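Overview (structure and organization)
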Amino acid sequence: MSDETEKPDQEAIDAARREVKGRDGSTPPGQTETRAPEPSSSPPSDSSADYRIDVEFYDHVVPYRDRADVDFYVEMAKATRGPVLEIGCGTGRVLIPTARAGVEMVGLDLSEAMLSECRRKLASEPKDVQARVRLVRGDMRDFELKSEFALATTPFRPFQHLLTVEDQMACLRAIRRHLEPNGMLVLDIFNPSLDYLVGDKFLTETDEGPPFEMPDGRVVLRRHRLASRDRFAQVNDVELIYYVTHPDGREERRVHAFPMRYLFRYEAEHLLARCGFAIEELYADYDKNPFGSQSPGELIFVARKA
Ligand SMILES: C[S@@+](CC[C@H](N)C(=O)[O-])C[C@H]1O[C@@H](n2cnc3c(N)ncnc32)[C@H](O)[C@@H]1O
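Summary of the structure given here. (Residues numbered from 1 in each chain as written. Predicted model: local features only at pLDDT ≥ 70, side-chain atom pairs only at ≥ 80, totals over all residues.)

Counting secondary structure elements, the protein contains ten helices and 14 strands. Out of the 306 residues in the protein, the part that is buried amounts to 31%. Put simply, 66% of the contacts in the protein that link residues at least 6 apart link residues at least 24 apart. (Helix = DSSP H or I, 4+ residues; strand = E, 2+ residues; numbered from the N terminus. Buried ≥ 20, exposed ≤ 12 C-beta atoms within 10 Å, placed from the backbone. Contact = placed C-beta atoms within 7 Å.)

In structure tokens, the structure reads:
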């Protein structure tokens, strides 16, 4: 066997490990740029999910505002009758409509900024809705709420902020400890398409829906790109980029950069089984169409505490 085949090609490995393309999003003259602070892994800081950049825009971003998952979660919550633990509840996009439907909710989130926004929105809800909600700042990898739940949910992919198998297992085990006997979990992650993993188009900035207007008159265009992809660790470095035009014409570019882990279908199945869950359903979308009915679709696991 030649030396060449025996020695790993370090250059090729490094290239595959971290595929970094040049930034096409450099700051044009006249714009200011804000980036979220570098991620830190020590809780209870905002860690890899630093949503401070996004928080004021979050509920206005068109694909979030129109995301077709709310009815699905409300129906799941009503079917189990609650109480429901929402992991990574954010601004309450799903939590508040579920509480309005009469279900007791605990929302756990690591980001104080997201929780404050959720509190602000809750304050204008009727008293009975407010009384059904408890918000807790905590890390999904390690929390103790001293309560048990009929259902735990993870709407819109908070689980993908966990970058290692250890963190994923710690989270699933913490959730399982908080479920009643026969309690249910909805694990909501995206189904990685081959195109997303290798396609060049994802490395350049792409618009996400039309621009939207904030109540104070600012107009915001949200774009996104992958700054790099680590196919060994299954982690993409995502950038959410906000182009903000102020009413006085001033322009600003804000970047929320964070790593995001993807999981494949069978990997997630093994992980759930390893952490004591029995999978009952796997949906491709929030209309409960089965996995495989569309491509790429989502990976929405409905699992029972085994
Ligand atoms: C994409 S948002 C989803 C928010 C909400 N579930 C929704 O559907 O709009 C992800 C949320 O997960 C939270 N998060 C990220 N890492 C976390 C962690 N380790 N523990 C708890 N929450 C976390 C973020 O702060 C953020 O609010």
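Turning to the sheet that holds strand S6 (residues 149–153), a few remarks are in order. As summarised here, the arrangement of the seven strands in space is S5-S4-S3-S6-S7-S14-S13, forming an open sheet in which the pairing is mixed. Among the strands making up the open sheet, the edge pair consists of strand S5 (133–137) and strand S13 (277–283). Averaged over all adjacent pairs, the angle separating strand axes in this sheet is 20 degrees, with direction ignored. Relative to strand S7 (residues 179–190), S6 runs parallel, the two sharing four bridges. Each residue of the ladder has a partner; that of threonine 153, found in S7, is valine 186. The strands that helix H4 (residues 70–80) touches are strand S3 (84–87), S6 and S7; relative to S6, the one it contacts most, it runs at about 165 degrees. Contacts from helix H8 (residues 165–177) reach S3, S6, S7, S13 and strand S14 (298–305) within the one sheet, and its direction differs from that of S7 by about 145 degrees. (Pairing = 2+ DSSP bridges. Axes fitted to C-alpha atoms, helices over the stretch in contact; angles between N-to-C directions.)

Core analysis: the largest hydrophobic core is formed by 49 residues, its most contacted members being Leu95, Ala152, Ile175, Leu185, Leu187 and Leu272. It is S7 that contributes the most residues to this core, six residues altogether. (Core = buried A, V, L, I, M, F, W, Y, C linked by C-beta atoms within 7 Å.)

Looking now at H4. Those residues of H4 that sit buried are Phe72, Tyr73 and Ala77. Down the axis of H4, the buried set is contained in an arc of 130 degrees. They therefore lie on one face. The inward-facing, buried residues of H4 contact S3, helix H5 (95–100) and S6. The positive-phi residue at the C-terminal boundary of H4 is arginine 81, with phi of around 70 degrees. (Arc of directions from axis to C-beta.)

Cis geometry marks the peptide bond from glycine 82 to proline 83; its omega dihedral reads -5 degrees. Inspection of the secondary structure assignment puts proline 83 in the loop between H4 and S3. That bond from serine 295 to proline 296 is cis: its omega, -5 degrees, falls within 30 degrees of zero. Turning to its location among the elements, proline 296 is positioned in the loop between S13 and S14. Phi is positive for asparagine 182, which is not a glycine, with a value near 70 degrees. Inspection of the secondary structure puts asparagine 182 in strand S7.

Our next topic: H8. Taking 1.5 Å of rise per residue, the 13 residues of H8 would be expected to cover 18 Å, and the 18 Å separating its terminal C-alpha atoms lies within 8% of that figure. For H8, the complete set of buried residues consists of Gln168, Cys171, Leu172, Ala174 and Ile175. Projected down its long axis, H8 shows its buried positions confined to an angular sector of 160 degrees, all on one face. Summarising the contacts, the buried residues of H8 are in contact with S3, S6, S7 and helix H10 (265–274). (Expected span 1.5 Å × (residues − 1).)

These figures capture arrangement, not role.
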